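Report on the structure
So the chains spell out like this:
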Amino acid sequence: MSEQFEPNVVAFLCNWCTYAGADLAGTSRMHYEPNVNIIRVMCSGRVNPLFVVNALQQGADSVLVSGCHPGDCHYMEGNYYARRRFTLMKELLDYVGVDPQRFHMSWVSASEGNKWKDVVGEVVKETKEVGSFEQFQRDKINW
């Protein structure tokens, strides 16, 4: 894989925790990878698995869903629903031949700007390892 490859990561972030944590990282002037395109949602439990599939179809190399820590959800149980739903999503991606490393979940609170920076770094690193999703699709078609 070329060292020039810079992944496009789409991130669905909970408004109450992870988005606020990302904002804290930004206002604290923490440096982290600029490869993440953030979509703010009210709760990680509101992210439909079809959003993940659509993001990949539209050019994302990987997708991150991040919300409040289990037990701290603003909507009580939303992150529990997300965790169950996306555990199955990883299995489905694997079943259809898409590397499950293209999908990530994390729990980041509003006070964890440094953790957000680390999560972004890890997601970008793993995405660089698996490569471009567009190239993966071309290779699979030519198989």
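What comes next concerns the included structure. Keep in mind that what you see is a predicted model, and the values were worked out from it rather than measured.

1. Examining a nonpolar patch on the surface
Together, W16, M42 and Y75 line one region of the surface with nonpolar side chains, adding up to about 300 Å² of accessible area. Counting through the fold element by element, M42 comes out in the loop between β2 (36-41) and α2 (49-57). M42 gets classed as partly exposed once you look at its relative accessible area, which sits at 42%.

2. With respect to the packing of aromatic side chains
Taken as a whole, this structure holds four aromatic pairs when the rule is applied. With a centroid separation of 6.3 Å and 80 degrees between ring planes, the pair formed by Y32 and W116 is classed as edge-to-face. Placement of Y32 in the loop between α1 (18-27) and β2 and of W116 in helix α4 (residues 113-130) is noted, with a sequence separation of 84 residues between them. When its relative accessible area of 0% is taken as the criterion, W116 is described as buried.

3. Structural notes on the nonpolar core
One finds F12, V63, F86 and F103 to be the most contacted residues of the largest nonpolar core, which totals 17 residues. A total of four residues in this core trace back to one element, the largest contributor, which is helix α3 (residues 78-95). Every residue in contact with V63, bar those within four places of it in the chain, is listed here: V10, F12, V52, A55, L56, R102, F103 and H104. Ranked by size, the runner-up nonpolar core spans 13 residues in total, among them L13, V36, V119 and V123.

4. What to know about the pattern of salt bridges
Enumeration over the complete set of coordinates arrives at four salt bridges. In this structure, K125 engages E129 in a salt bridge whose closest nitrogen and oxygen atoms are separated by 3.9 Å. In this pair, K125 and E129 both sit in helix α4, four residues apart, roughly one turn of the helix. We classify K125 as partly exposed; its relative accessible area is 45%.

5. Things to note about α4
Each full turn of the α-helix corresponds to 3.6 residues, which orients residues three or four apart in the same direction. If you check α4, its first and last C-alpha atoms are 26 Å apart, about what 18 residues at 1.5 Å a residue would give, namely 26 Å. Buried within α4 we find G113, W116, V119, V120, V123, V124, E126 and T127. The arc that holds the buried residues of α4, viewed along the axis, is 165 degrees, so those residues lie on one side. On its buried face, α4 sits against β1 (9-14), α1, β2, β3 (62-67) and β4 (103-107). Backbone geometry just after α4 places G131 at a positive phi near 85 degrees.

6. Focus: the side chain of S106
By the secondary structure assignment, S106 is in strand β4. We classify S106 as buried; its relative accessible area is 9%. Of the polar contacts made by the side chain of S106, one reaches the side chain of S66; its length is 2.6 Å.

Scoring rules and cut-offs
- Residues numbered from 1 in each chain as written.
- Predicted model: local features only at pLDDT ≥ 70, side-chain atom pairs only at ≥ 80, totals over all residues.
- Heavy atoms only, no water.
- Patch = residues over 30% accessible without salt bridge, like charges linked within 9 Å, V, L, I, M, F, W, Y side chains within 5 Å.
- Areas by Shrake-Rupley, 256 points an atom, 1.4 Å probe, with all protein chains shown as cover.
- Salt bridge = Lys/Arg side-chain N within 4 Å of Asp/Glu carboxyl O.
- Helix = DSSP H or I, 4+ residues; strand = E, 2+ residues; numbered from the N terminus.
- Buried < 20%, exposed > 50% of the residue type's maximum accessible area, 1.4 Å probe, protein only.
- Phe/Tyr/Trp six-rings, centres within 6.5 Å; stacked < 30°, edge-to-face > 60°.
- Core = buried A, V, L, I, M, F, W, Y, C linked by side-chain atoms within 4.5 Å.
- Contact = heavy atoms within 4.5 Å.
- Expected span 1.5 Å × (residues − 1).
- Arc of directions from axis to C-beta.
- Polar contact = N/O pair within 3.5 Å; in protein donor to acceptor, adjacent residues only side chain to side chain.

Taken by themselves, the reported measurements are silent on function.
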